[in-house]
Structures are given as structure tokens and as C-alpha cells.
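An overview of the molecular structure
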Amino acid sequence: QQIETEQQLIQASKMTTLGEMATGVAHELNQPLSVMKTASSFMLKKFATERTVPGDTFESMLRMIDTNVDRATNIIHHMRQFARKSEVDAEPVDVNHTLLMALEIFSEQLKVRGIQVHTQLTENLPRIQGNPSRLEQVFINLLLNARDAIEERWADAHPGPEDKAITLITRAESNFLLALVCDTGTGIPAAVKEKIFEPFFTTKTVGKGTGLGLSISYGIMQQHGATIQAIDQDSGGTCFVLKFPIPAVAEQPLDAQASV
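Residues numbered from 1 in each chain as written. Predicted model: local features only at pLDDT ≥ 70, side-chain atom pairs only at ≥ 80, totals over all residues. Heavy atoms only, no water.

It is worth spelling out the state of the cysteines at this point. Tallied over the entire structure, the rule returns one disulfide. The partner cysteine of cysteine 182 in its disulfide is cysteine 239, sulfur to sulfur 1.9 Å. Taking the sign of the torsion about the S-S bond as the criterion, the disulfide between cysteine 182 and cysteine 239, at about 110°, is right-handed. Here cysteine 182, found in strand 5 (residues 176–183), pairs with cysteine 239, found in strand 7 (residues 238–245); they are 57 residues apart in sequence, far enough to count as distant. Taken individually, cysteine 182 and cysteine 239 each receive the classification buried, so the pair is uniform in this respect. (Disulfide = S-S within 2.5 Å. Helix = DSSP H or I, 4+ residues; strand = E, 2+ residues; numbered from the N terminus. Buried < 20%, exposed > 50% of the residue type's maximum accessible area, 1.4 Å probe, protein only.)

Once that is clear, we can look at the packing of helix 3 (residues 95–104) against helix 5 (residues 132–154). A pair of packed helices is characterised by two quantities: the angle between their axes and the separation of those axes. At a closest axis distance of 9 Å, the pairing of helix 3 and helix 5 adopts a crossing angle of 50°. Classified by the angle between their axes, helix 3 and helix 5 sit oblique to one another. Where helix 3 crosses over helix 5, the handedness of that crossing is right-handed. When helix 3 is examined against helix 5, the residues Val95, Thr98, Leu99, Met101, Ala102 and Leu103 are found in contact with a partner set consisting of Pro132, Leu135, Glu136, Phe139, Ile140 and Leu143. Its residues placed into classes, the contact of helix 3 with helix 5 shows ten nonpolar, one polar and one charged. (Axes fitted to C-alpha atoms, helices over the stretch in contact; angles between N-to-C directions. Parallel < 35°, antiparallel > 145°, perpendicular 65-115°, else oblique. Left-handed = near helix turned anticlockwise from the far one by under 90°. Contact = heavy atoms within 4.5 Å. Nonpolar A, V, L, I, M, F, W, Y, C, P; charged D, E, K, R; others polar.)

Phe139, Leu142, Ile166, Met221, Phe240, Leu242 and Phe244 are the most contacted members of the largest nonpolar core, which has 42 residues in total. Of all the elements in the fold, those that place two or more residues in this core are helix 3, helix 5, strand 4 (165–173), strand 5, helix 6 (213–223), strand 6 (227–232) and strand 7. Here this core gets ten residues from one element, more than from any other, and that element is helix 5. Contact partners of leucine 142, with chain neighbours within four places excluded, come to Val181, Leu214, Ile228, Phe240 and Leu242. The next biggest cluster of nonpolar side chains, apart from the first, holds six residues, and it includes Leu178, Leu180, Cys182 and Val241. (Core = buried A, V, L, I, M, F, W, Y, C linked by side-chain atoms within 4.5 Å.)

On to the environment of phenylalanine 176. Assignment of secondary structure puts phenylalanine 176 in strand 5. Once the C-alpha coordinates of phenylalanine 176 and phenylalanine 244 are considered, the two residues, 68 residues apart in sequence, prove to be 5.5 Å apart. Not counting residues up to four positions away in its chain, the partners in contact with phenylalanine 176 are Arg171, Lys243, Phe244, Pro245 and Ile246.

Reading across the sheet, the five strands line up as 2-4-5-7-6 and stay open at both edges, with mixed pairing between neighbours. Single-partner strands in this sheet number two, and they are strand 2 (116–121) and strand 6. Between one strand and the next, the sheet's axes are offset by a mean angle of 15°, whatever the strand orientation. As paired elements, strand 6 and strand 7 share six bridges and run antiparallel to each other. By the bridge assignment, glutamine 229 is partnered in strand 7 with valine 241. In the packing of helix 6 onto the sheet, contacts are made with strand 6 and strand 7, and the angle to strand 7 comes to roughly 20°. (Pairing = 2+ DSSP bridges.)

Okay, a nonpolar patch on the surface next. Taken together, the side chains of Phe47, Phe58 and Leu62 define a hydrophobic patch exposed on the protein surface, amounting to about 300 Å² of accessible area. For phenylalanine 58, the position within the fold is in helix 2 (residues 55–83). (Patch = residues over 30% accessible without salt bridge, like charges linked within 9 Å, V, L, I, M, F, W, Y side chains within 5 Å. Areas by Shrake-Rupley, 256 points an atom, 1.4 Å probe, with all protein chains shown as cover. Salt bridge = Lys/Arg side-chain N within 4 Å of Asp/Glu carboxyl O.)

Attention shifts here to the pairing of strand 5. Burial within strand 5 is extensive, with seven of its eight residues counted as buried. By the bridge criterion, eight bridges tie strand 4 to strand 5 in an arrangement that is antiparallel. Residue arginine 171 lies in a different strand from strand 5, and its bridge partner there is leucine 178. The antiparallel hairpin formed by strand 4 and strand 5 contains two residues in its connecting segment, where serine 174 sits at a positive phi of about 55°. Two strands pair when backbone bridges link them, and strand 5 and strand 7 are joined in this way by seven bridges, in the antiparallel orientation. The partner of cysteine 182 across the bridge, within strand 7, is cysteine 239.

This is the structure we're talking about:
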């Protein structure tokens, strides 16, 4: 009964997260749609004036439309996969790939908001055992938190080009794999740092957060035998540090296996 309740809570949180992501998805879909509209309008104007379109230009425009249809399709497919209720089964997970999949949904939205994203991902990391859908949910929750903290801190300021930034880091240390999501946001007051992973606790204004994101993320990390903690950055902002155990016989990335 407890496991089923946890499953339902995780799924409910995922649906809430999807609602918060709606604006970001709109930005992501708008970009390929704009490209397709530009290409098709160009071709229609040529035909309307009965002007000949060179073969290479015609091919280029069609390729542009084709590529961006694929991009829009992938975004929709990704959202459908994320919304689906995930099984609890564990499998080898490439943390870099999972982190980048979470980022993919927000890239255009962050760009529009002037938030830079820096990645320092160590290549050929060993695979961990886990559930990729649930780990993506953790990373999405952390990206949403980073976005909101940055927006809150710099709302009434005049930030420089690097003041609004999210940094994603992965590396292996001893028998653990570390993933860090760092931001230049408001930071977490010392008085509430011990409470941030409690259910329904939130520092956001009414209507801007359920207080479940970090709590659900904490629970998912526990299911993976992993830990999550928040650390202050000297320059302001917060780093969330995720620490995963590396299996004794770790699954190696495919490219690493191929080179053996």
C-alpha cells in the first residue's frame, strides 16, 4: 500500500511539473515552427511571383523543414514519455544523457530569459543502476528551482551576461558518481536549509510552487540508494549535489565498451 501511494505521489508531482513546463515547451516548439514558417513563406512567395527557385535552394529549404519537423516531433515524444507512469524497475543509466534530456525541454525557455547554461560533463562515466524517467524528473525539478531562484534574484537588478547562469557538472569520485546542478539564484537561507526536502515546504509565493518538487526528488534519490544535498556557493546561489553509488561491476558506456 505504501509503495502504491508513493507511486501515485510521484506521478502526481510529475503532472504538476508538466504544467510548470508548459511555457518552456511552447518556447521549444515555437522555434522549429518559426523556421518552417520562414522556409515555407519564402517558397510560396517565389511561386506566387512565378520566379524560378534554384535546385540547391529548393533542397535546402526542404531539408530545413524536414529537420525541424523531426525536432518538434522529438519534443512532443519526449513529453509523452515523461508523462507516462514509470515502472520502478532499475536499469543501467547514463546520467549525462538523462541530464541533457531534462535540459532539452528548457533550453529555449532559458535562452529567452537570458539564463546561460554551462555544462562540465565528464565523458565515459560508468553507468549507475536506476530508473531514467524518475532521475530525469529529479533533474527537471532542480532546473525549475534554479530557473525560479535566478529569476527571483535578478528580477529588479541589471544582470551582466554571466550573472544569470546554471552550471551542470558530472564526475566520478572513488565509488560514487556526482552530478551537480548549480545556479546564481537567491540561495537558501540557513534557517530553512534543513526543511527544503520536507513535503509541502516552499519559499515561493502562494501559487508558484507546491512544495513537492524537492521532497519527491529526495524520495527518488533514496530509492536509488543515493543522496542529495544543497550547498551554498561563495558567489551566491546554490549547488544541489547528487551522489550516486557506482555498482561494483559498473555498466560502461557503449563507446567505452567498443574501445575495449
